[in-house]
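Reading the structure
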Amino acid sequence: MRSGAKLISLGTALMLFFAPLLLAQNVVDGGKKPRVIVIGVNGAEWDILRPLLVRGEMPNLAWVIGRGVSGKLQTVSAPNCPKVYSVFATGAPSEENGITGFKVGGLVARTEMLRLPTFWSILSQNNVTVGMANVPATFPAKPVNGFMITGMLTRGKTCDGLLCSPRLSEVEGGDAVYPPALAREIESHVGDIPIDCSRMPGAPELRGHEPEVVKNWLEQVSQIRRQQQKLFDYLLTNHSTDFTFFVQSCEDRTGHWLYPIQPHNVGYDPKLHTLSVDAFPNQYREFDKLLGTILKHVDANTTLIVLSDHGIKPLREFEPAMAHMDHAGATPVVAKHDFEDGDEVPGVFIAMGPGIKRGARIFGLPMSVFDIAPTILHIYGISAPAQMKGRVLTEIFAKPEAPDDLHQLP
Ligand SMILES: [Zn+2]
């Protein structure tokens, strides 16, 4: 907590800087602020999660689902991580928020391109402490009332920012950590952490070496997850904040080329797709263990949200070969998510906590990626600014709140 307090006082100093920008201050100062932890699992796909849940192989996620609300999360057309995370961030469509994908105007997307405030900057301005790690499209790190460790699109030595994994010490072209002193602390207490997940191997690398390449890549992925787990645990223990947002990114990448497909599926290659049929489901089994670590930091007053930006499904459209933004430029993808009809690949939404319904399931697609920012602001008693196109997900709360209660802390 020592260094946590230091970070927060830095954040408080920042508030003075933000003061002229303050929105209507709805959060009652001095009162206990809600605590919210959001875990993003890129590309989390119900089709793969559900059988694991039924088989009892994701006990932690099952526990959260049983005590909360769950359903599909409608995503945007042709979803990818930077595009949807920027919708999460601003509550506005990509054409309005400025981040339309991995690249904008031929350049790898950066936070300077974002034209609208993020909900975490609004939380910061309202005196809510914010801690984030590995959230896509947050590079270079911008100041928040707490800390920020960037995720996907972070650039580094030999990494142009596109789906590679620079280590903290290799980051270039901006800060990956705010405040900068936290970077040294992480290096000494957690290690020289990889930011984001490894790039997938390309077809030439794979050809003739499938078993070793798959095995080595999956080992790298496990190592990255272990370090992320250690990082999240360290941050929740030593730098606990009111609002926390951590993201996992290896699941989606594994799904792209190792989705457990059948011979009738597009792109089936027995040399590759009989090797490690469990590779993709294993990502979720491992995620469940990571969730167990997070749950140690969740008490009765914490709202926990697990969500994904989109799902991922085996190829299913008539498309020109390699039309997909396939990460390494030549990876033989067999599953994807950037279908023009985003309803093909809805994301996941699971929430548990004070005031949230227990064991409830929401059918269909009434909940959307646009609703996340307004709903989180609502939990802190802050009304959504006009830029946000979504709504507060009132159906997840146990009792309908009268309009007068909307801006009051529980
Ligand atoms: Zn992807």
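Heads up: the structure comes first, above all this text.
Notes on the structure follow. (Residues numbered from 1 in each chain as written. Predicted model: local features only at pLDDT ≥ 70, side-chain atom pairs only at ≥ 80, totals over all residues.)

1. Let's talk about the environment of D196
Inspection of the secondary structure puts D196 in the loop between α7 (180–189) and α8 (203–206). Distance from D196 to P136, taken between C-alpha atoms, is 8.2 Å for residues 60 residues apart in sequence. (Helix = DSSP H or I, 4+ residues; strand = E, 2+ residues; numbered from the N terminus.)

2. What to know about helix α4 (residues 81–90)
Counted residue by residue, α4 has 10 buried out of 10 residues, so it is predominantly covered. Those residues of α4 that sit buried are C81, P82, K83, V84, Y85, S86, V87, F88, A89 and T90. In this structure, the buried side of α4 is in contact with α5 (94–97), α6 (119–125), β5 (130–135) and α13 (372–379). A positive backbone phi angle near 70° is found at G91, which sits one or two residues after α4. (Buried ≥ 20, exposed ≤ 12 C-beta atoms within 10 Å, placed from the backbone. Contact = placed C-beta atoms within 7 Å.)

3. Let's talk about the pairing of strand β2 (residues 68–73)
Among the 6 residues that make up β2, 6 are buried, leaving the element largely enclosed by the rest of the structure. Across 6 bridges, β2 lies against strand β12 (residues 347–352) in antiparallel orientation. The residue of β12 that forms the bridge with K72 is V348. (Pairing = 2+ DSSP bridges.)

4. Notes on the pairing of β12
For β12, the buried fraction is high: 6 of the 6 residues fall into the buried class. Side chains of β12 alternate between two faces, with G347, F349 and A351 and V348, I350 and M352 buried alike. Pairing of strand β9 (residues 302–307) with β12 involves 4 bridges; the strand directions are antiparallel. In the sheet register, V306 faces β12, and the bridge partner there is I350.

5. Brief notes about unusual backbone geometry
That bond from F139 to P140 is cis: its omega, -10°, falls within 30 degrees of zero. Here P140 lies in the loop between β5 and β6 (146–150). Even without being glycine, A78 reaches a positive phi, approximately 50°. Tracing the chain through its elements places A78 in the loop between β2 and α4. One non-glycine residue, D196, adopts positive backbone phi at about 70°.

6. A look at the sheet that holds β5
Read from one edge of the open sheet, 9 strands run β7-β6-β5-β8-β1-β9-β12-β2-β13, paired in mixed fashion. Each having just a single partner strand, β7 (177–178) and β13 (360–362) make up the two edges of the open sheet. The strands touched by helix α9 (residues 210–238) are β5 and β8 (243–248); relative to β5, the strand with the most contacts, the crossing angle is about 175°. (Axes fitted to C-alpha atoms, helices over the stretch in contact; angles between N-to-C directions.)

Bear in mind that shape data such as this cannot, by itself, settle questions of function.
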